[in-house]
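Read off the chains here:
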Amino acid sequence: MTNKTDFRKTLDAYQARQGRFRVVDVPDMSYLMIDGHGDPNTSPAFVEAVEALYPVAYKLKFASKRDLERDYVVPPLEGLWWAEDMSSFTSARDKSRWDWTLMLMVPDWIDQAMVGAAVEQARAKNRPARLDDVRLEPLSEGRCVQTLHVGSFDDEAVVLSHLHHEVIPAQGFRMAGTHHEIYLSDFRRVAPEKQRTILRQPVTAEAAPGA
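Reading guide: rules and limits
- Residues numbered from 1 in each chain as written.
- Predicted model: local features only at pLDDT ≥ 70, side-chain atom pairs only at ≥ 80, totals over all residues.
- Heavy atoms only, no water.
- Salt bridge = Lys/Arg side-chain N within 4 Å of Asp/Glu carboxyl O.
- Helix = DSSP H or I, 4+ residues; strand = E, 2+ residues; numbered from the N terminus.
- Buried < 20%, exposed > 50% of the residue type's maximum accessible area, 1.4 Å probe, protein only.
- Contact = heavy atoms within 4.5 Å.
- Phe/Tyr/Trp six-rings, centres within 6.5 Å; stacked < 30°, edge-to-face > 60°.
- Lys NZ or Arg CZ within 6 Å of the ring centre and 35° of its normal.
- Expected span 1.5 Å × (residues − 1).
- Bend = angle between axes of the 7 residues up to and from the residue.

1. Quick look at the pattern of salt bridges
Within this structure, the stated rule accounts for 14 salt bridges. Among the salt bridges present, the one from Arg 22 reaches Asp 12, with a minimum N-O distance of 3.1 Å. Taken together, the positions of Arg 22 in strand S2 (residues 22-26) and Asp 12 in the loop between helix H1 (7-10) and S2 put the pair 10 residues apart, joining distant regions of the chain. Overall, Arg 22 belongs to the buried group, its relative accessible area being 17%. The exposure class assigned to Asp 12 is partly exposed, which follows from its relative accessible area of 44%. Here Arg 200 makes a salt bridge to Glu 141, at a shortest N to O gap of 2.9 Å. Of this pair, Arg 200 sits in strand S11 (residues 196-205) while Glu 141 sits in the loop between strand S7 (135-139) and strand S8 (142-150), and the two are 59 residues apart along the sequence. Glu 141 matches Arg 200 in its accessibility class, with the two residues each being buried. Salt bridges here are not isolated pairs; linked through shared partners, they connect Glu 120, Arg 123, Arg 127 and Asp 132.

2. Details of the environment of Ala 205
With respect to the helices and strands, Ala 205 occurs in strand S11. The exposure class of Ala 205 is exposed, given its relative accessible area of 53%. Dropping the residues within four chain positions of it, Ala 205 is found in contact with Gly 172, Phe 173 and Arg 174.

3. Some words on the side chain of Thr 197
Relative to the helices and strands, Thr 197 is located in strand S11. A relative accessible area of 1% means that Thr 197 is categorised as buried. Among residues more than four places away in sequence, those in contact with Thr 197 are Thr 147, Leu 148, His 149, Phe 153, Glu 156, Glu 181, Ile 182 and Tyr 183.

4. Description of unusual backbone geometry
Backbone geometry places Glu 69, a non-glycine residue, at a positive phi of 55°. Owing to a relative accessible area of 61%, Glu 69 belongs among the exposed residues under this scheme.

5. What to know about the packing of aromatic side chains
Across all of its chains, the model carries 13 aromatic pairs by this definition. Consider the rings of Phe 153 and Phe 187, whose centres lie 5.9 Å apart with planes at 75°: the pair is edge-to-face. Taken together, the residues span a long stretch of sequence, with Phe 153 in the loop between S8 and helix H4 (156-170) and Phe 187 in the loop between strand S10 (179-183) and S11 at a distance of 34 residues. Exposure remark for Phe 187: the relative accessible area of 25% places this residue in the partly exposed category. Through pairs of rings, three or more aromatic residues link up here, namely Phe 46, Trp 81, Trp 98, Trp 100, Phe 153, Tyr 183 and Phe 187. Its guanidinium or amino end placed over the ring of Trp 109, Arg 70 lies 3.7 Å from that ring's centre, counting from NZ or CZ. Its end group placed over the ring of Tyr 54, Arg 188 keeps NZ or CZ at 5.6 Å from the ring centre.

6. A look at H4
For H4, which comprises 15 residues, the first-to-last C-alpha distance of 20 Å matches the rise-based estimate of 21 Å (1.5 Å per residue) to within 8%. Leu 163 marks where H4 bends most, by close to 40°. Those residues of H4 that sit buried are Glu 156, Ala 157, Leu 160, Leu 163, His 164, Val 167 and Ile 168. Of the residues trailing H4, Gly 172 is marked for its positive phi of about 80°.

7. Here we look at helix H2 (residues 44-68)
Across its 25 residues, H2 extends 36 Å between first and last C-alpha, which sits within 8% of the 36 Å expected from 1.5 Å per residue. Of the positions making up H2, those classed as buried are Phe 46, Ala 49, Val 50, Ala 52, Leu 53, Val 56, Ala 57, Leu 60, Lys 61, Ala 63 and Ser 64. Of the surrounding secondary structure, the elements contacted by the buried residues of H2 are strand S1 (4-5), strand S3 (29-37), strand S4 (71-72), strand S5 (78-82), strand S6 (99-106) and helix H3 (112-126). Positive backbone phi, at 55°, marks Glu 69, one or two positions downstream of H2.

Here it is in structure tokens:
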């Protein structure tokens, strides 16, 4: 029987606790990605992105188990979020101004050829609207600070403000990359107050005065 890898249990980068802000060195990883803009609650592109990523991810999983005898649990949905004015994530909370990239991590033994084959299989069965926008791309984040948020996405603002303006500067860091969320709960099925989301912010060492 093929052993099944669950990256949520084996990768330290998927570990976080509520109320604890932890410094994590995140390894380079590869993801299925798709981009979009606007309020995730109202943007058709957001739903279409989810509908395009999952068929490809599961076809890759099945191909890996069948052809490579390497089975794994499809990791949770993740998202990179940014805007020209980052206050739209904290104080302003203007979702219409958000840009995002939705992602599903794939193991390092998955290559472009396998992704291409999975996309063609998804196209032949029930072609998602944004299938052609799915791509495989590496992500290098390095040192990050992350915590677990339990509750609705709208309640993240207070946690993010604390992270950005207090926790990160107090540890001698400054923000250096894109806000990253990892959805440990399926937000389509879990009540907002019970949703579990890892909030991650890449950082770099703050330069000394006069350096």
